Amino acid sequence: MKRIILLIMLCLPFMASAQTDHIAPLIKKYSQFKNCSTVVLSKEMLKQMYENSGIESMQAISVEDPALLNILRNDLEKFIGGYNLLMSVNSDGTNVEIYRVEQQYKSNSTGKRESIDDIFIVAISEDEGVVIRLTGHNIELSDATSLINI
């Protein structure tokens, strides 16, 4: 039993990093459409911009075509089903929701408890939608909101 628990704990960082690209099909899909923009920022770029943040990757999709918003909503349901809703705000017809999955593990190098975070920020109004996914270690929600200027 101890071996199984140890094996699971050792695999957690690998399982979390394996999830890192599961939004990649959406990035590819929406980059093909007119009036849609996609952005992918790497760990190196984010370190230069926000060196004290735990954010290691950022992926974003912006849809400015009202006809595509229902498709975007349906696509998102497949990805955020296992996430915990942290916050939901509805203001002037725009819904903003923040979802998070956090996996805890004990660091081999520091011996401290750390977390691998996966955060989705979804903002959809009548005529446009924005989806931002942040991944990294020990991400503070304040880091995430300052990065996207909420």
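Residues numbered from 1 in each chain as written. Predicted model: local features only at pLDDT ≥ 70, side-chain atom pairs only at ≥ 80, totals over all residues. Heavy atoms only, no water.

Student: Account for the sheet that holds strand β1 (residues 36-41), with residues named and values stated.
Tutor: Spatially, β1-β2-β6-β5-β4-β3 is the arrangement adopted by the six strands of the open sheet, whose pairing is antiparallel. Here the strands that pair on one side only, and so sit at the sheet edges, are β1 and β3 (84-91). If you compare each strand with its neighbour and ignore which way they point, the axes differ by 10 degrees on average. The pairing of strand β2 (residues 55-63) with strand β6 (residues 129-137) spans eight bridges and is antiparallel. Considered in β6, the bridge of Q59 is made with R133. Against the sheet, helix α4 (residues 69-80) makes contact with β2, β4 (94-106), β5 (113-124) and β6, and its axis sits at roughly 160 degrees relative to β5, the strand it touches most. (Pairing = 2+ DSSP bridges. Helix = DSSP H or I, 4+ residues; strand = E, 2+ residues; numbered from the N terminus. Axes fitted to C-alpha atoms, helices over the stretch in contact; angles between N-to-C directions. Contact = heavy atoms within 4.5 Å.)

Student: Quick rundown of the environment of I116? Include the residues and the values.
Tutor: With respect to the element layout, I116 can be found in strand β5. With 61 residues separating them along the chain, I116 and I55 place their C-alpha atoms 9.8 Å apart.

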